[in-house]
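Inside the fold
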Amino acid sequence: MTVTIGQPIPECAIPATSGLTFSPASAKGKKLVLYFYPKDMTPGCTAESGEFRDNIEEFTKANTLVVGVSRDSLKSHDNFRSKLELPFELVADTDEKLCQLFGVIKMKNMYGKQVRGIERSTFLFDSNGKLVQEWRGLKVPGHVTEVLQAAKAAK
């Protein structure tokens with residue numbers, strides 16, 4: 001089952017940085033941005049995470065929680081978060097539970113080889129926990145600004 005517009009995230013509990021566990025209930029009463037990215041410390045993922053970091057005050061003013069998700073380990077996430085000074089949590093979806101719920105695992109071409117990987121995607125949930133907007137297969141430049149505008153407009 002893939003989460004679609006108008007639906008909530010099914011209840012789950014997945015390890016996150018700072019010793020926390022991500023569950024949909026952790027965003028109760030707030031809007032939630034879940035952004036899926038392929039890999040810690042890569043150029044595109046570093047740029048995207050940095051843009052979310054640089055706009056975190058605006059997301060906070062819009063009552064919006066930002067959470068990054070990839071298949072990397074907690075140790076990798078801790079290093080990435082520390083290096084970029086990210087003020088939000090990263091979820092270690094090592095068993096691909098969230099990736100499967102959102103249908104973001106795709107076959108990708110890497111150096112001429114087909115590999116399974118995360119398609120860069122972002123999902124916005126309203127304060128009632130329902131999916132209101134999604135961006136799939138996106139490009140990093142300008143994306144965070146678009147998500148911020150949508151978060152400000154969402155209820």
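Here's a quick rundown of the structure.

The rules we used
- Every chain begins its residue count from 1, and numbering advances along the sequence as written.
- This being a predicted model, a pLDDT of at least 70 is required before a residue's local features are given, and a value of 80 or more before pairs of side-chain atoms are given or counted; all residues contribute to the totals for chains, interfaces and linings.
- Side-chain numbers here rest on the full set of heavy atoms in the structure, without hydrogens or water.
- We call a set of buried Ala, Val, Leu, Ile, Met, Phe, Trp, Tyr and Cys residues a nonpolar core when their side-chain atoms join them within 4.5 Å.
- Note on classification: 1.4 Å probe, protein chains only; a residue is buried when its accessible area is under 20% of the maximum for its type, exposed when over 50%, partly exposed between these limits.
- Helix numbers and strand numbers start at the N terminus; a helix is a DSSP run of H or I with at least 4 residues, a strand a run of E with at least 2.
- Whether two residues are in contact is decided by their heavy atoms, any of which lying within 4.5 Å being enough.
- Comment: axis = line fitted to C-alpha atoms, over the contacting stretch for helices; angle = value between 0 and 180 degrees taken between N-to-C directions.
- Each angle is binned into one of four classes, with values under 35 degrees roughly parallel, values over 145 roughly antiparallel, values of 65 to 115 roughly perpendicular, and all other values oblique.
- By definition, any crossing whose near helix is turned counterclockwise from its far helix by less than a right angle is left-handed, and any crossing with a clockwise turn is right-handed.
- Any two of the Phe, Tyr and Trp rings considered here, Trp counted by its six-membered ring, make a pair once their centres fall within 6.5 Å; the pair's planes then place it as stacked at under 30 degrees, edge-to-face at over 60, or tilted in between.
- One side-chain nitrogen of Lys or Arg within 4 Å of one carboxyl oxygen of Asp or Glu is enough to make a salt bridge.
- Expected helix span is computed as 1.5 Å times (number of residues minus one).
- For two strands to be treated as a pair, DSSP must find at least two bridges joining them.
- The directions considered for the arc are those from the helix axis to the C-beta atoms.

The next thing to look at is the nonpolar core. Ranked by internal contacts, the top residues of the largest apolar core, which has 23 residues, are I9, L34, F36, L98, F102 and F125. Those elements that place two or more of their residues in this core are β3 (31-36), β4 (64-70), α4 (97-102) and β8 (121-125). Examining the composition of this core, we find that 4 residues originate from one element, α4, more than from any other. Residues contacting F102, with those up to four places away along its chain left out, are T2, V3, I9, L34, F36, F123, F125 and R136. Counting residues in each nonpolar core, the second largest holds 22 residues, with Y35, L90, L124 and V147 among its members.

Axis angle and axis distance: for two packed helices, these are the angle between their axes and the distance between the axes, and together they describe the pair. Interhelical geometry of helix α1 (residues 43-54) versus helix α5 (residues 143-153) gives an angle of 40 degrees and a closest axis separation of 9 Å. Here α5 runs oblique to α1, going by the angle between their axes. Remark: the crossing between α1 and α5 carries right-handed chirality. Judged by residue contacts, E48, E51 and F52 of α1 engage H143, V144 and V147 from α5.

Right, let's talk about the packing of aromatic side chains for a bit. As enumerated under the stated definition, the model contains 9 aromatic pairs in all. Measuring from ring centre to ring centre gives 6.0 Å for F102 and F125, while their planes differ by 85 degrees; the resulting arrangement is edge-to-face. Linking F102 in helix α4 with F125 in strand β8, this pair joins segments that are 23 residues apart in sequence. The exposure class of F102 is buried, given its relative accessible area of 0%. Aromatic rings pair up to connect Y35, Y37, F52, F59, F80 and F88 into one cluster.

This brings us to the pattern of salt bridges. This model, assessed by the stated rule, comprises 9 salt bridges. The closest approach of N and O atoms between K39 and D72, which form a salt bridge, is 3.0 Å. Linking K39 in the loop between β3 and α1 with D72 in the loop between β4 and α3 (74-84), this pair joins segments that are 33 residues apart in sequence. Classification of D72 as buried rests on a relative accessible area of 7%. The partner of R53 in a salt bridge is D54, and the shortest N-O contact between them spans 2.8 Å. Here the salt bridges share partners, and the residues they tie into one network are E58, K61 and K152.

With 12 residues, α1 should cover 16 Å at 1.5 Å per step; its first-to-last C-alpha distance of 16 Å lies within 8% of that length. Looking only at α1, the buried set comprises C45, E48, S49, G50 and F52. Next to the buried residues of α1 lie β3, α2 (56-61), β4, α3, β8 and α5.

So, about the pairing of strand β7 (residues 113-118). By the bridge criterion, 6 bridges tie strand β6 (residues 105-110) to β7 in an arrangement that is antiparallel. Paired with K108 across the strands is V115, a residue of β7.

Looking now at the pairing of strand β9 (residues 131-136). Summarising the sheet, β8 and β9 pair through 5 bridges and their orientation is antiparallel. For S121, the partnering residue across the bridge sits in β9 and is R136. Taken together, β8 and the strand that follows it, β9, pair antiparallel across an intervening segment of 5 residues, in which G129 is found at a positive phi of about 85 degrees.

Along α3, the residues that are buried comprise H77, F80, R81 and L84. Down the axis, α3 shows its buried residues gathered within 95 degrees of arc, on one side only. In α3, the exposed positions that point more than 90 degrees away from the buried face belong to K75, S82 and K83. If you follow the buried residues of α3, they end up packed against α1, β4 and β5 (90-92). Where α3 ends, the next residue or the one after it, E85, has phi of about 55 degrees, a positive value.

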